[in-house]
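# Notes for the structure review
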Amino acid sequence: MDNHAIKQEKTIWLVKVLKWGIYVAAFVPLIIFSQFISPFHFGKVVIFRSIIEILLVFYLILVLKDRKWLPQKHPFLIVFALFTLFFGITTVTSINPYLSFWGSLERMGGLWSFIHYLIYFVILISIFKTREDWTRLLELMIFVGVLSAIYGFGQKTNLSFFLGSGDRARIFGTIGNAALFAGYQVVTLFTALTLAISSWIKPKLKGYLLIAALINGIAIMMTAVRGSILGLFAGLFVFVFLYAFVLNSRRAKQAVLSLIGIFVLFLIFAFAFKDSSFVKNSNYLSRITSISPSTMTVQTRFWAWHAGIQGWEESAKTILFGWGPENFDVPFSRHFNPKFFNGIGSETLFDRAHNMFVEVLVTMGALTFIVYLGMFVLAYRLLWLKIIKGGGPNAKIGMGLVALITAYIIHNSFIFDTSANFIVFFTIFGFATWLTSFPAESSSVSASNSKTAVSHKLGLSFQTLMIILLGGAGFLIYWTNVRASEANYANTRGIVASWANDFDGALAKFKESMSYDVPGKYDYRDRYAEFILQYISSKTTLNQKELDAVILAITEVQKNADENKDDYLPYLYISRLYVSLGKSDPKSPFNDLALQNSMKALEISPTFVRTYYEIAQDYLNKKDYASAIKYFNEAAQLNPDVALTYWYLAATYLEVGDTQKGLVAVDQADKLGYQFAEADLIKLLGIYIKMQDYPKIIRTYENLIKIKPANAQYHASLAAAYATVGNIDQAVSEAHKATQLDPSFEAQARAFVQSLGRQY
């Protein structure tokens, strides 16, 4: 097609609508629904899906009018279509097809969303046919990336405009997670760098692109995500290496040596100064220099991957088709490593593998994994053979894309993709598709050779069809995006009402959110159950309205259990709800129901330490202390390094009067660093006083003072304990502290000090 024909095509209004729709979609990574659950993902996905559903209507009309706008056959299109096909097959064979299709509320993944990324890719490679088209889109993508980075910089301030602000240690921009944000910035950085060194860009824009790349680089460093930083430097190394040896650049060869030197110096610094006060006093330096496999973050990644691989190996079905997209948590739970649990607040649920290659293998099986790997192998091959080899005019762009893909692969070896990452990922592969569709010397020419003029004026039949399709798109948007948004917003209103202790308002909004029965309902039921558990935790008796609210929570969470039979969490929620109803009566049937549900959770995840606590609590409610001790001991056997387990054991032993075993467990909890509460210490103090164990009496008072340093009585009692063991200096010092805190102690302290033979 000649340039005149291309200019004519640019006037086609359907093409204009589609291009502008793509430009609008480029801004999606900036979207934040701050008043919603999953504010950084939910809004992006529902808006993106809505845009694509509308654009699909115009695209269908366009290709029905003129088939030359269908996408050309290309290996990238084939591999993406094949990946989507396997995505669909593994959704059908999934252990939870509903979740595989719709995805979770937090990540907003699933087949339904992925189909939209494929449609985006198809429209992209069909409509964007010239160098100018792609340059404009990539520049816009870079601009959006810079805006996201600037938003991230704002999170280092205390300005409330920036969600997540407050001098945040690790920024996450508009993406909501430092690692995901770093991956997004990696793509925009290499895109900016690639365009900047190409011959496509006017000289006055090169400076802007280099500044954009610098801003992106600073943002990546401020995330302190080690995998992404490694990917960044690996990508830069690949780029300068290719530049040096393909274009025989002396300066690039020097840059290769410089990068190697920087990397070696970093390793020397990391190993030589990791224990220095300079590094330890900096959260940033201590994190990026913590590269040992023994660090907790690295270990949890390996444990998660190992659990996933164990699950993948369970059967021929899981090997071939996996557990189903979005279902990594199932094999993870079945093969849970007890070392994950080190106390309340531990990260014990990985819904993703935090490695896209392990994620695809475990959830979609070996066949899909081969296609996924093939996508990157194909990209390297096509870019090398068609663009880089021989050093043609677009060789630098090819090098930049190879560097980008390398950085992306390394980054994705430690995290996963979400909406913003997918958008830029498909955009870059769309660009690579166009770039590798032609010989390098003619890559600015349209793929279509058709010279046949086609009228794009829509007749009545096409107008009618378009109106019907737009109506269908509107219907689809309402039922899959608008209603989901309404349910999400209602749930957050319930959460906000609960913060204000508005029980009736919260209850009404939670009920409203659950009534929609839309994707995300699992989370809405969980949020409601959390609200109820927190509300009734301090109540000894419940009125009828509160009792009905608890029963409703049990009913709703039971739906989660019925719909997700391999998920232990709903059973634990139900158990806790029943425990709250039976805690005042050891013979209550609610305690038996609680125990039944805890046992179901244990069947699903037999090594999940927290479940043993729940079972033990059920037995404590029933006053069956022997069984409670049994399960606490089993929890200790699973992970003997958890201080909390030994404190629970100690409290139970002491409750039944077995002081010797109780104090042994207390010592073990103390040795492992358990932070005793004031009430715990006072209880132990009574035992130590009865035993006249003054070293432990002194230790206990010292711990009480750490909790309440302004309590004069604790200081006075500690003074007396010191005096008993002959530590006169410390006794006098504590007596003076008691008087300083409470002058009413002065007369008593004076007499006490004088009785020790000292002057007050």
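Provided above is the structure to which this section pertains.
Rules and cut-offs
- Residues numbered from 1 in each chain as written.
- Predicted model: local features only at pLDDT ≥ 70, side-chain atom pairs only at ≥ 80, totals over all residues.
- Heavy atoms only, no water.
- Helix = DSSP H or I, 4+ residues; strand = E, 2+ residues; numbered from the N terminus.
- Contact = heavy atoms within 4.5 Å.
- 1 Å grid on protein atoms, 1.4 Å probe; cavity = no way out; pocket = protein on both sides within 12 Å on 5 of 7 lines; lining within 4 Å.
- Points joined across faces, edges and corners; volume = space filled by probe spheres on them.
- Patch = residues over 30% accessible without salt bridge, like charges linked within 9 Å, V, L, I, M, F, W, Y side chains within 5 Å.
- Areas by Shrake-Rupley, 256 points an atom, 1.4 Å probe, with all protein chains shown as cover.
- Salt bridge = Lys/Arg side-chain N within 4 Å of Asp/Glu carboxyl O.
- Buried < 20%, exposed > 50% of the residue type's maximum accessible area, 1.4 Å probe, protein only.
- Axes fitted to C-alpha atoms, helices over the stretch in contact; angles between N-to-C directions.
- Parallel < 35°, antiparallel > 145°, perpendicular 65-115°, else oblique.
- Left-handed = near helix turned anticlockwise from the far one by under 90°.

Note on placement: T300 falls in helix α14 (residues 296-312). Ignoring sequence-local partners within four residues, the contact set of T300 consists of F340 and F350.

Here the focus is the layout of surface pockets. One number sums up the size of the second largest pocket: a volume of about 470 Å³. Contributing to the lining of the second largest pocket are 19 residues, with R576, V579, R610, E614 and Q617 lying nearest its centre. Mapped onto the lining of the second largest pocket, the elements with two or more residues apiece are α22 (521-536), α24 (569-582), α26 (609-621) and α28 (643-655). Top contributing element to the lining of the second largest pocket by residue count: α26, with five residues.

Nonpolar side chains collect at one region of the surface, where L230, L257, I260, F263, V264, L265, I268 and F414 lie side by side and expose about 750 Å² of accessible area between them. If you tally residues by element for the nonpolar patch, the top one is helix α11 (residues 250-273), at six residues. Summarising the element assignment, V264 is placed in helix α11. On the accessibility criterion, V264 (39% relative accessible area) is partly exposed.

With that settled, consider the side chain of S419. Mapped onto the elements of the fold, S419 is located in helix α19 (residues 419-435). Overall, the relative accessible area of 3% leaves S419 in the buried class. Once residues lying within four places of it in the same chain are set aside, the contact partners of S419 are H41, K44, V45 and Y117.

This brings us to the packing of helix α3 (residues 42-65) against helix α6 (residues 111-127). Describing two packed helices takes the angle between their axes plus the distance from one axis to the other. Contact pair α3 / α6: the axes reach a minimum separation of 9 Å and the direction vectors enclose 45°. The pairing of α3 with α6 is recorded here as oblique in orientation. Here the hand of the crossing between α3 and α6 comes out left-handed. Judged by residue contacts, V45, F48, R49, I52, E53, L55, L56, Y59 and L62 of α3 engage W112, S113, H116, Y117, I119, Y120, V122, I123, S126 and I127 from α6.

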